[in-house]
Amino acid sequence: MKQLRIRTLVGLFVVAGVLSWAGARLWDSLGTLPKVPLAAPIVLAVIAVVLLATALSIRSRLRAQRERRPEAKGVDPMMAARALVFGQASALVAALVAGMYGGTGAFLLESLDVPARRDQAIYAGLSVLAGIGVVAAAIFLERVCKLPEDEDPEEAAPAA
């Protein structure tokens, strides 16, 4: 499984943000603007907490195994793989969603004097922060689940 790249996530965030900003400008020219739901930052924050709890649980189990504690529970490889896939998928989707809300929020910054739009800008900003939290938790989970590197056979062989 490939490791997440920060460049990819930032690229998704920027592209989604630019497209969302342009879409919000176009939509606003028609006289309306799609709303940023209050549930968006809440759902993203819940996903971040679940990812972080999973990472901490796996890390403590692995530490107990390394220290050979008698009460240590093993880590099922399939469970770790599923958690890793969930984390990577969550990070990719969170980068897109955070970019989308970031672009909408950037557009809404022009009209903060309207109370409804100010609330929407706040929800968008909180969604971006929660999306960053999801990405951070997913990267932490990925680091926890990373297997030790196998030695390269060419480096392990002594030079003749």
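Residues numbered from 1 in each chain as written. Predicted model: local features only at pLDDT ≥ 70, side-chain atom pairs only at ≥ 80, totals over all residues. Heavy atoms only, no water.

Novice: With reference to specific residues and values, describe the side chain of Glu142.
Specialist: By the secondary structure assignment, Glu142 is in helix H4 (residues 115-145). Within polar-contact distance, the side chain of Glu142 engages the backbone nitrogen of Leu4 at 2.8 Å. Residues within four places of Glu142 in sequence aside, it is in contact with Lys2, Gln3, Leu4, Leu84 and Gln88. (Helix = DSSP H or I, 4+ residues; strand = E, 2+ residues; numbered from the N terminus. Polar contact = N/O pair within 3.5 Å; in protein donor to acceptor, adjacent residues only side chain to side chain. Contact = heavy atoms within 4.5 Å.)

Novice: Hey, could you go over the pattern of salt bridges for me, with residue numbers and the actual values?
Specialist: Under the criterion given, the structure shown has 3 salt bridges. As a salt-bridge pair, Glu110 and Arg25 come within 4.0 Å of each other at their nearest N and O atoms. Taken as a pair, Glu110 in the loop between helix H3 (77-108) and H4 and Arg25 in helix H1 (residues 6-29) lie far apart in primary sequence, 85 residues in all. Here Glu110 falls in the exposed class, since its relative accessible area comes to 53%. According to the relative accessible area criterion, Arg25 is partly exposed, its value standing at 42%. A salt bridge links Arg143 to Glu142; its shortest N-O distance comes to 3.3 Å. The exposure class of Arg143 is partly exposed, given its relative accessible area of 44%. With relative accessibility at 5%, the residue Glu142 sits in the buried group. (Salt bridge = Lys/Arg side-chain N within 4 Å of Asp/Glu carboxyl O. Buried < 20%, exposed > 50% of the residue type's maximum accessible area, 1.4 Å probe, protein only.)

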